[in-house]
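Report on the structure
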Amino acid sequence: MIMTAADTWNAPPAERDGLDLIEAPVPGTVAGALERAGRFDRTEPRPLNTEDAWYLLDLQGEAPGPATLRFEGLGTIAEIFWNGERKLDCASMFVERELPVILSGSDRLAICFRALAPHFEKRGPRARWRQQMITPPGLRLVRTSLLGYMPGWCPSIHPAGPYRPVTLTRDEAGQPRNIRIRSHLDEDGTGRLRVDFAASGLDEPVMLHCAGAQTELRRTETGFAGELALPNVAAWWPLSHGLPILHDVEIAAAGTRRKIGRTGFRRIAIDRGVDGRDFAISINGQHIFCRGACWTNADIVDLPGDRAAYEPLLRLAAEAGMNMLRLSGITTYETQAFFDLCDELGIMVWQDFMFANFHYPDRDPDFLAQVREEAELLLNRHAASPSLTILCGGSEMAQQAAMLGLPPDAWSSPLTDIVLPELAARWRPDVAYLSNTPGGGAMPFSPNTGVTHYYGVGAYCRPLEDARRAQVRFAAECLAFANVPEQRSLDAGLAVPAVHDPRWKARVPRDRSASWDFEDVRDHYLTVLYGNDPARLRREDPSRYLDLSRAASGEVMEATFAEWRRPGSSCNGALVWTFQDLLPGAGWGIVDATGVPKPAYFALKRAFRPVQVTLTDEGTNGIDVHLLNETAATRHVVLELACLRDGAQPVVQGRREIELKARQGLSLPATEIFGAFFDTGYAFRFGPPSHDVVVARIRSPEGGDPLAEAFHFPLGRARAMANATLSVQLTRDADGWQLALSTDRLAQSVQIDAPGFQPADNWFHLAPGGGRHIRLTSLNTETEPPAGTVRALNAATAHFRSV
């Protein structure tokens, strides 16, 4: 690759001696190639949209003859040259291109990625509004990712280059091409499979095989097509509600059987409720509470699309119990490898089309032609993926119009209301479509109707009770905080004083032109939960400040989801903003930029348990205990409830054996468990408080560690900070290493630091009586036993090692 000033060359250079060439991996980006050459710093990025980038490749020794060059993603204005002659252009980051060529055995391929900045200056149809978040305004006219163009939200790393594979293929007789697999599940449990593909040289009959059934395919003008019914086929379920069962799709001809893909069978429906204001997703006739996060990218520099980049992150999502990830309209489309993993793991995908905030030229024929090509590619590329659940026209377009005071007729667009839904209905009729997020209420962003982006608890610093008061139906975004990573991650990636150092503050997300950032939001809730002054704490005890900050955002998330998941809640799902940071620091991500879970990740992992117990304060109605069982089997559990004084002495306690039916919830007043009145929530205030924490546990009747725990602090968390003493023992069994933990009184936000190992849970509360066992998973191939520390907000450090 070589960088030149914009429009320096009209064609690639014939001679390369003396040129400032650098190695450029493909698939890859201009930023990635420069970074590897030591010429780009992702923490202080220079503009990459003001220069041309030329990619040059000599193909030597290829067998002469016809072939096809396929370009799966070029960012963004690209000119393709073959043996010095310009053969093909591309004007969108979101489409594919194919170029038939004749190989000579000594050929040259060149791709010029033109400077994008000049295209932002071009005039197009007048916009109805100007938004503030994304700059420059001319981006609405160019089909490129908004990543890198949102000051305060993400680093200004401009996407450019062949970020998806470039491949050379030759036609092979009998080789299926342009394979399209579609599947659906009928209400009676019959799977419906439709397959078509292009092929030449296949001897008939050609048989289609799937899940033990078969049928003969019919010949078409270009290949073969057919349908197959599969009675009582094993269905695909989200991970929270069952098994994500997939079935190989195979064809057989002339004694040869080959796999052409795989799919899963499921049925999707959207329930708007009796009042028409709801938004609830059902899979296979079962209501699903959707929980997860908004995906950003596996690496903001390289924009990788292979399985190796996705798998560690998506497995973290699955391990946390996330059954949905949203691909927001401000990012990029992900590859089939992403969807393959979501198919396997049981993670539903909410897919925005790549439109956000702007008023796009939705009546311009050339622009709409680009959109149709982009949408058809997306819908056909992932036609077999059962994980694709929601298609959404875009993000915050209607919201922008409404917030700027435009009338309701300006909120809609032919792009999202006509063009995209027609394409979705044609190519993916099995997937639900939504015009825009948020939308549906008196205002598009009203939380009590349809889909919202809820930041009442969060950016708007509303009390925790607002999560119920707002009557949220479905939050496609929520709970954005500047989540602090573990100290080990900070020491490695951002070893500067927290908050005070400009380098720290530069990594904290903020809305453009706002007088506050998301660290201010987190500090607000630190004060609410713990009663500390964050500014004073930063000066006097910065490590304590960071620990309380780590705990605070997770505590808010866990409490909010406890409210939203309780039986009787109006909420049907919520996705946290966002899954991963783009740079080291206190970003929105619940996973840091290196892939290490933050404390907030573990809070969500507890909040998302399919078998769950939670507590809510119902005022003078007392404390309610909520039990959930989303699994397909009835669960027998033992519920234990206790109120503790000084985090240790039971004041009142109760126990009950309960049958939790499959996929049902149950709510019980605490007094019903105790068998008599007790002011569990300290609502009546008859005299001084008798306790400072309420602890609920559910266990298997056979005993063992709790299946789930919940904690309520009637006097606030600060009043429940009596000094605790932790006991820790490292043990090993057939499955590996684990820690046995116990405490003499309630320990808040217990923190495990085991270098080289990942704990199964972290930053959790630990109550006296029974303790917990925490599994440690090695992060590498080293065989050294773990050693480290365990501490809590109100407990001194305890050490552990193998003896």
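Scroll up for the structure.
Residues numbered from 1 in each chain as written. Predicted model: local features only at pLDDT ≥ 70, side-chain atom pairs only at ≥ 80, totals over all residues. Heavy atoms only, no water.

Re the nonpolar core
Counting 177 residues, the largest nonpolar core has Trp504, Trp564 and Phe579 as the members making the most contacts within it. It is helix H13 (residues 542-565) that contributes the most residues to this core, 9 residues altogether. Counting residues in each nonpolar core, the second largest holds 24 residues, with Val206, Ala213, Phe224 and Phe265 among its members. (Core = buried A, V, L, I, M, F, W, Y, C linked by side-chain atoms within 4.5 Å. Buried < 20%, exposed > 50% of the residue type's maximum accessible area, 1.4 Å probe, protein only. Helix = DSSP H or I, 4+ residues; strand = E, 2+ residues; numbered from the N terminus.)

Details of the packing of aromatic side chains
Taken as a whole, this structure holds 31 aromatic pairs when the rule is applied. Their ring planes at 80° and their centres at 5.5 Å tell us that tyrosine 55 and phenylalanine 113 sit as a pair that is edge-to-face. Of the two residues, tyrosine 55 is situated in strand S2 (residues 51-60) and phenylalanine 113 in strand S7 (residues 106-113); the sequence distance between them amounts to 58 residues. The exposure classification of tyrosine 55 matches that of phenylalanine 113, with both residues buried. Summarising the aromatic geometry, the rings of tryptophan 516 and phenylalanine 518 are spaced 5.3 Å apart at their centres and angled 65° between planes, so their arrangement reads as edge-to-face. Judged by relative accessible area, phenylalanine 518 falls into the buried class, the value being 4%. When the ring centre of tyrosine 545 is taken as reference, the NZ or CZ atom of arginine 538 above it lies at 5.2 Å. (Phe/Tyr/Trp six-rings, centres within 6.5 Å; stacked < 30°, edge-to-face > 60°. Lys NZ or Arg CZ within 6 Å of the ring centre and 35° of its normal.)

Examining the sheet that holds strand S5 (residues 85-90)
Spatially, 5 strands are ordered S1-S2-S7-S4-S5 in an open sheet, and the strand pairing comes out antiparallel. Of all strands in the sheet, those bounded by a partner on one side alone are strand S1 (2-5) and S5. Shown here is a sheet whose adjacent strand axes are inclined to one another by a mean of 25°, direction ignored. Relative to S7, strand S4 (residues 78-82) runs antiparallel, the two being bridged by 5 bridges. (Pairing = 2+ DSSP bridges. Axes fitted to C-alpha atoms, helices over the stretch in contact; angles between N-to-C directions.)

What to know about the pairing of S2
One ladder, built from 4 bridges, connects S1 with S2; its direction is antiparallel. By the bridge assignment for S2, methionine 3 is matched with alanine 53. Bridge count for S2 against S7 is 8 bridges, and the pairing is antiparallel. What sits directly across from leucine 56, in S7, is alanine 110.

What about the pattern of salt bridges?
According to the stated counting rule, one finds 65 salt bridges in the structure shown. In this structure, the salt-bridge partner of aspartate 89 is arginine 86, at a minimum N-O distance of 2.7 Å. You can call aspartate 89 partly exposed: its relative accessible area is 39%. One salt bridge in this structure joins aspartate 430 and arginine 266, with 2.9 Å as the shortest N-O distance. Taken together, the positions of aspartate 430 in the loop between helix H7 (414-427) and strand S24 (432-434) and arginine 266 in the loop between strand S16 (256-263) and strand S17 (268-271) put the pair 164 residues apart, joining distant regions of the chain. Neither residue differs from the other here; aspartate 430 and arginine 266 are each classed as buried. Among the charged side chains, a salt-bridge network with shared partners connects Lys505, Arg510, Asp517, Glu519, Arg522, Asp523 and Arg538. (Salt bridge = Lys/Arg side-chain N within 4 Å of Asp/Glu carboxyl O.)

Regarding the sheet that holds strand S18 (residues 280-283)
Overall, antiparallel pairing links the 3 strands, which are arranged S17-S18-S19 in an open sheet. In this open sheet, the two strands that pair with only one neighbour each are S17 and strand S19 (286-288). Sheet twist, expressed as the average angle between the axes of neighbouring strands with direction ignored, equals 40°.

Here's the deal with the pairing of strand S11 (residues 207-210)
Burial along S11 is two-sided: the face carrying Met207 and His209 and the face carrying Leu208 and Cys210 are both buried. Once S11 ends, the chain turns through 2 residues before running back antiparallel as strand S12 (residues 213-216), passing alanine 211 with a positive phi of about 50°. Direction of pairing for S11 relative to strand S15 (residues 247-253): antiparallel, over a ladder of 4 bridges. Its bridge partner being in S15, leucine 208 is matched across the sheet by isoleucine 251.

Details of the packing of H13 against helix H14 (residues 599-607)
Where H13 contacts H14, the two axes come as close as 8 Å, and the packing angle between them is 20°. It follows that H13 is roughly parallel to H14 by the angle criterion. Considering how the two elements wind past one another, H13 and H14 form a crossing that is right-handed. The residues of H14 that touch H13, namely those facing Arg550, Ser553, Gly554, Met557, Glu558, Phe561 and Arg565, are Pro599, Ala600, Ala603, Leu604, Arg606 and Ala607. Among the residues making up the contact of H13 with H14, the classes are represented as 7 nonpolar, 2 polar and 4 charged. (Parallel < 35°, antiparallel > 145°, perpendicular 65-115°, else oblique. Left-handed = near helix turned anticlockwise from the far one by under 90°. Contact = heavy atoms within 4.5 Å. Nonpolar A, V, L, I, M, F, W, Y, C, P; charged D, E, K, R; others polar.)

Some points on the packing of helix H3 (residues 307-319) against helix H4 (residues 336-345)
Closest axis-to-axis distance for the H3/H4 pair is 9 Å, and the angle between their directions is 30°. By the angle between their directions, the pair H3 and H4 is classed as roughly parallel. H3 and H4 meet at a crossing whose hand is right-handed. Counted together, Arg307, Tyr310, Glu311, Leu314, Arg315 and Ala318 of H3 and Ala337, Phe338, Asp340, Leu341, Cys342, Glu344 and Leu345 of H4 form the full contact between these two elements. Classifying every residue of the contact of H3 with H4 gives 8 nonpolar, no polar and 5 charged.

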